[in-house]
Every structure is written in structure tokens, then in C-alpha cells.
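Okay, here's what each chain looks like letter by letter:
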Amino acid sequence: MNIETTPLAGLLILTPRRFSDERGYFSESWNRRTLASHGIETEFVQDNHSMSEAVGTIRGLHAQTPPHVQTKLVRCGRGCVFDVAVDARTGSPTRGQWFGVELSAENGRQLLIPGGFLHGFVTRAPHSELIYKCSDFYAPDCEASVRFDDPDLAIDWGLGDTSPVLSAKDEKAGRFAAFDSGVPWVGDVS
């Protein structure tokens, strides 16, 4: 497993090793023992799978607040997405900063997103599928959303001339300035 740090402490890119032959490849996307040897000891309790039909579909920015904060391990099982995480931890020196990385079925990259971050993605290919592990169960009463196009965040989604496809919930999302993740910054966790 190749583990890369990002400019946002705790946010990591994990790229599993692939074993290829004439049939295709095999990859171990998560191994508790291997990751624990790198200081990553998240226990996951739920797996989610989403499929987005159209290029330019944006899902996010989403988070869960206490007491059901989620750490997520996100990967693309089909197609291609630009995946974005925004540091929303209270007191973090990088609060309000974002990081994005292309995840595709081809590159096999995964993004490990700590609790206290907002998460979203935009599809770069039709019928793109995102598969992600969560460290806590979905809790509708703890669900939070922030506008994908919040000018305070200035995320470059790479849409060009493509109009975003949004859910009604994401169209009504609030501003980052009013969002409190409920998760305090505890120092460098990377």
C-alpha cells in the first residue's frame, strides 16, 4: 500500500498495490493489519456505493456531525471522479482549505477522509461509481451540507462549460461560514 500525505493533516491518498496478469488484476483495497502498521486504525462499520449517470454530477459537500462523525475511505469502482475534501475542523490551521484528487477505476487511488472534513465529488465519466467505507452509521439527524460553489472555499471542480447536476438538497445547502463540524482540531494526525 502506497500512502501519500496531502497538505491537509490527516487527509491521505492510499494506493493499493495491484497484481496483474492476462486476466486483469487483484488488489487489496483495505487491510486492517497493514494500515495499523502505518498508524491508521479506523474501524469501519458501513459500506456505501453510489452511481452517477451523467458527467458533471456533483454530490456534496457533505459531512456528519457529532455524535455520528464519519471517517471515510473513498474509491472509484467504475468511471472517474474528482474527489474533494474540505478541512472543517474547529481551530485547524487549514480550516476552509480544500484538496482534490482524481479517483478512477484505472488508477485505483483511494482518499482517506478524517472526521471533521466535508466531502464531495464531481463525475468526469458517465456511470461513475463511488464506493466508500464509513466509520459510523448514517444518521439523518447529524447530516450536514455546504454549497459546492461557496465562494469562500473557491473549489475548482474542473467543470468548464458543463453545467453541474445537483440534488435538491445540494442546491439548498448552506454556506461554509455558518457550518460547525463539531470536530475540534487535535494537532497533526498524519
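Our subject in this report is the structure included herewith. Everything numeric in this text was worked out from a predicted model, so none of it was measured.

**Some words on the sheet that holds strand β5 (residues 46-52)**
No. 1: If you walk across this open sheet you meet the six strands as β1-β2-β10-β7-β12-β5, and the pairing is antiparallel. Lying at the two open borders of the sheet, with one neighbouring strand each, are β1 (2-5) and β5. Averaged over all pairs of adjacent strands, the angle between their axes in this sheet comes to 25 degrees, without regard to strand direction.
No. 2: Pairing geometry for strand β7 (residues 72-78) and strand β10 (residues 110-113), over four bridges, is antiparallel. When the bridges of β10 are listed, R75 appears paired with Q110.

**So, the environment of F121**
No. 1: Its location among the elements puts F121 in strand β11 (residues 117-123).
No. 2: Assessed through its relative accessible area of 4%, F121 is described here as buried.
No. 3: It is 8.7 Å that separates the C-alpha atoms of F121 and G100, two residues lying 21 residues apart in sequence.
No. 4: Setting aside chain neighbours within four positions, we find F121 in contact with S50, S52, T57, I58, R59, V81, F82, D83, L130 and W157.

**A few points about the sheet that holds strand β8 (residues 80-87)**
No. 1: Taken together, five strands build an open sheet; the order of strands is β9-β8-β11-β6-β13 and the sheet is antiparallel. Every interior strand has two partners, whereas the edge strands, β9 (98-104) and β13 (143-145), have only one. Direction aside, the axes of adjacent strands within the sheet are offset by 25 degrees on average.
No. 2: Note that β8 and β9 share seven bridges and pair antiparallel. Each bridged residue has a counterpart across the sheet, and for F82 the counterpart in β9 is E102.

**A few points about the packing of aromatic side chains**
Each aromatic ring pair is specified by the distance between its two centres and by the angle formed by the two planes.
No. 1: Enumeration over the complete set of coordinates arrives at three aromatic pairs.
No. 2: Judged by centre distance (5.0 Å) and plane angle (80 degrees), the ring pair of W30 and F44 falls under edge-to-face. Linking W30 in the loop between β4 (24-27) and α1 (32-36) with F44 in the loop between α1 and β5, this pair joins segments that are 14 residues apart in sequence.
No. 3: F44 sits in the buried class, given a relative accessible area of 15%.
No. 4: An angle of 80 degrees between the planes, with centres 6.5 Å apart, marks the rings of F82 and W98 as edge-to-face. Of this pair, F82 sits in strand β8 while W98 is found in strand β9, placing the two residues 16 residues apart along the sequence.
No. 5: For the cation-ring pair, R18 lies above Y25, with the distance from its terminal atom to the ring centre recorded as 3.9 Å.

**What to know about the side chain of D170**
No. 1: Here D170 shows up in helix α2 (residues 168-171).
No. 2: In this structure, D170 is buried with no salt-bridge partner, the nearest side chain bearing the opposite charge being K169 at 4.9 Å.
No. 3: Leave out the neighbours within four places in its chain, and D170 touches I58, R59, G60, H62, S145 and R147.

Cut-offs and rules
- Counting starts from 1 at the beginning of each chain's written sequence and moves along it residue by residue.
- Reporting of local features is limited, given that this is a predicted model, to residues whose pLDDT is at least 70; pairs of side-chain atoms are given and counted only at 80 or more, and all residues count toward the totals for whole chains, interfaces and linings.
- Side-chain numbers come from the whole structure's heavy atoms, not from hydrogens or water.
- Strands are treated as partners if at least two bridges between them are detected by DSSP.
- Helix and strand definitions follow DSSP, with helices as H or I runs of at least four residues and strands as E runs of at least two, each counted in order from the N terminus.
- Axis definition: a line fitted to C-alpha atoms, over the contacting stretch in the case of helices. Angles run 0 to 180 degrees between N-to-C directions.
- Only protein chains enter the area calculation, which uses a 1.4 Å probe; residues under 20% of their type maximum are buried, those over 50% are exposed, and those in between are partly exposed.
- What makes two residues a contact is simply this: any of their non-hydrogen atoms within 4.5 Å.
- Between rings of Phe, Tyr and Trp, where Trp is taken as its six-membered ring, a pair exists when centres lie within 6.5 Å; planes separated by under 30 degrees are stacked, by over 60 edge-to-face, and by other angles tilted.
- Charges are assigned to positions over rings by a cutoff of 6 Å between ring centre and Lys NZ or Arg CZ, combined with an angular limit of 35 degrees from the ring normal.
- The sign given to each residue is positive for Lys and Arg and negative for Asp and Glu; His and the chain ends receive no count.
- For this analysis, a salt bridge means a side-chain nitrogen from Lys or Arg found within 4 Å of a carboxyl oxygen belonging to Asp or Glu.

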